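Examining the three-dimensional arrangement
Now for the letters of each chain:
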Amino acid sequence: MEYILSFILWNPDLYAFKIGGFGIRWYSLCWIVGIVLAYFLVKHLYKEQKVKDEYFDPLFIYCFIGILAGARLGHCLFYEPTYFLSSWDHIVEMILPIRHMADGSWKWIGYEGLASHGGTLGLMIALYLYYRKTHMNLWHVLDDIAIATPITACFIRLGNLMNSEIIGKVTDVPWAFIFERVDKVPRHPGQLYEAIAYALFFLIGWYFYRKRPEKVGTGFFFGLCLTLIFSFRFIIEYTKDVQESFESGMLINMGQLLSIPFIAIGIACMIGGKWMNRLGAKR
């Protein structure tokens, strides 16, 4: 009994609320809150920077589709390719939130499995397409989105915490969580570590924006966001449990491997601001 009371027992209801047979999961709610907060933050930035309203209107659609599609495809292709590429049924499951059951029926399950690296790549592609449509300065767009991105990442990790997924390694630290839906042993709350870090990174980015607003459009904030988030992601992976069995024998896991290019891009953007600005300048 003393052993259990030394740690935090964690077993929240998966659903934030239910109405009849319909319910909204905490994970979905956290995603929605994170994206909506980013939406209003970028809207505020556009207004403050006197960007025309017609440039902002399509931004949310591009970002939403890019993040969701990228996160879903990233999980399927990076972490479970042997399953999702093994048959046409599984390819359909990769694209649509349904699963082909053993009795031949299809069941709505939602998107179970979203990867942050894929979501980041999807967002970058979506923003490039947005730039092609609006002809705005590409680095201006990327910098504004990057200022708001960490707050979305924070809420996504809180959603992972509510789902008791992406759990940490076994530990005896006093703040360890016992994820009762997983097992009965204390583990690092890796999702909470990341959520706190991303909230802090948002404050750092906002501080630099208030100090040096003229840097928007140079790629600095985009680089800062990538460097902070993925450097921390690389380090925090050492506290996480293995997500997929194929990672067991790897010196560094898939999450760390995928973080390295983003860190390199982030550093390059931070130190190459003037060149980046010319590259993405308005036509």
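Let us look at the structure shown here. None of these values were measured; they are calculated from a predicted model.

Quick look at unusual backbone geometry now. Even without a glycine there, the phi angle at Lys 50 is positive, about 60 degrees. Within the secondary structure, Lys 50 sits in the loop between helix H2 (26–48) and helix H3 (53–56). Despite not being glycine, His 135 has its phi angle at roughly 65 degrees, a positive value. Mapping His 135 onto the fold places it in the loop between helix H7 (116–134) and helix H8 (138–162). The exposure class assigned to His 135 is partly exposed, which follows from its relative accessible area of 33%.

A few words now on the pattern of salt bridges. For the coordinates displayed, the defined rule picks out 9 salt bridges. Via salt bridges that share partners, Arg 157, Glu 194, Arg 233, Glu 237 and Lys 240 belong to a single interconnected network.

What the rule picks out here adds up to 22 aromatic pairs. Considering the side-chain rings of Tyr 27 and Trp 31, the 6.5 Å spacing of their centres and the 65 degrees angle between planes classify their relative orientation as edge-to-face. With Tyr 27 and Trp 31 both in helix H2 and 4 residues apart, this pair spans about one turn of that helix. Assigned by exposure class, Tyr 27 and Trp 31 land together as buried. Positioned over the ring face of Tyr 15 is Lys 18, at 4.5 Å from the centre of the ring. The ring centre of Phe 220 lies 5.0 Å from the NZ or CZ of Lys 215, which sits over that ring.

About the criteria used
- Residues numbered from 1 in each chain as written.
- Predicted model: local features only at pLDDT ≥ 70, side-chain atom pairs only at ≥ 80, totals over all residues.
- Heavy atoms only, no water.
- Helix = DSSP H or I, 4+ residues; strand = E, 2+ residues; numbered from the N terminus.
- Buried < 20%, exposed > 50% of the residue type's maximum accessible area, 1.4 Å probe, protein only.
- Salt bridge = Lys/Arg side-chain N within 4 Å of Asp/Glu carboxyl O.
- Phe/Tyr/Trp six-rings, centres within 6.5 Å; stacked < 30°, edge-to-face > 60°.
- Lys NZ or Arg CZ within 6 Å of the ring centre and 35° of its normal.

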